[in-house]
Amino acid sequence: MIITCKKEIPLRWVLFAIMPWASFGYTWAVISVAFLFSLKKFVENPAGMTFILSLPLFISIVVGSCVNFMSDRIWTRFGRRKPFIVVSWIGISICLILMPLMPNFWALVGVYILYYLCTDLNTPLEPLKQEIIPPHERGRAAGAMQWCTNLASIVFYFVALGRFDDVRFMAGFPISGEELIYWSASLLLGVMIFLVMLGIKEIDQKSRLRGERLSFRNFFGGLA
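For clarity, every value in this text was computed on a predicted model and none was experimentally measured.

Trainee: Looking at this model, I keep getting lost on the packing of aromatic side chains. Mind explaining?
Mentor: Counting across every chain of the model gives seven aromatic pairs. Ring geometry for Tyr26 against Phe156: centres 5.9 Å apart, planes inclined by 80°, an arrangement best described as edge-to-face. Highlighted residues: Tyr26 in helix H1 (residues 11-39) and Phe156 in helix H6 (residues 138-160), separated in sequence by 130 residues. Both residues of the pair, Tyr26 and Phe156, count as buried. An angle of 75° between the planes, with centres 5.2 Å apart, marks the rings of Tyr112 and Tyr116 as edge-to-face. One end of the pair is Tyr112 and the other is Tyr116, both in helix H4 (residues 105-120) and four residues apart, which spans about a single turn.

Trainee: What should I look at first to understand a nonpolar patch on the surface in this one?
Mentor: A cluster of nonpolar side chains, contributed by Trp147, Leu151, Ile154, Val155, Tyr157, Phe158 and Val159, occupies part of the molecular surface with about 780 Å² of accessible area. Looking at the secondary structure, you find Leu151 in helix H6. The class for Leu151 is partly exposed, based on a relative accessible area of 40%.

Rules used in this analysis
- Just so you know, the residues in each chain are numbered from 1, in the order the chain's sequence is written.
- Selection of residues for local features in this predicted model requires a pLDDT of at least 70, selection of side-chain atom pairs for listing and counting requires 80 or more, and totals for whole chains, interfaces and linings are taken over all residues.
- Side-chain descriptors were evaluated using all non-hydrogen atoms of the structure, hydrogens and water having been removed beforehand.
- The rule is short: rings of Phe, Tyr and Trp, with Trp giving its six-membered ring, pair when the centres are within 6.5 Å, and they are stacked under 30 degrees, edge-to-face over 60, tilted in between.
- Secondary structure elements are taken from DSSP: a helix is a run of H or I of four residues or more, a strand is a run of E of two residues or more, and numbering for both begins at the N terminus.
- A 1.4 Å probe rolled over the protein chains alone gives each residue an accessible area, and that area as a share of the maximum for its type sets the label: buried under 20%, exposed over 50%, partly exposed in between.
- Here a patch means residues that are over 30% exposed by relative accessible area and free of salt bridges, tied together within 9 Å if like-charged and within 5 Å if nonpolar (Val, Leu, Ile, Met, Phe, Trp, Tyr).
- We get accessible surface area from the Shrake-Rupley algorithm with a probe of 1.4 Å; when it comes to residues, only the shown protein chains can shield them.
- Any Lys or Arg side-chain nitrogen located within 4 Å of an Asp or Glu carboxyl oxygen qualifies as a salt bridge.

Structural data, given as structure tokens:
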């Protein structure tokens, strides 16, 4: 069991703490690249494609910041970061399963926007990692995280992406390479969900900010 806010931790805790980032290295590659191929099935205009890809940025400006703000100011019996992360990853996993199955443009865009809404709920992942890894270990953890993230990207580009248009039959049912790419990312996140739920315990830090309400004044005052 990994416990937050320890002054000394074993090396294996560092490795477990960066595993979610490594899994997101693969997921980010799927959404950044494979989604373009999925979108091209319905849209050919580059201007239209870039407009669709820019839509989540307007949502993240508000949602991601608010989620981080609230994660500093709540406490549940499951912790203050984990509830946001688990809900986020469940939503992301479902969206990844649905994306290659969408029959038309509007359905695909709707799932894409929902994916990024769920991703914004995941913003407390970085604070959780920092609360697990003490300051003197963070340099080594950052190096290991970079290595694992790059390895995940290499697997995507050299192994998965080239199979996008392939079709294979499993138990008599056709499964496309597109579906396998998205579903493998969903499966990877599913494993990470269990790691966070069952393998990490947050310690109550008795923050003086706990209970502070989300308001326009508190939000911008806190950021400033």
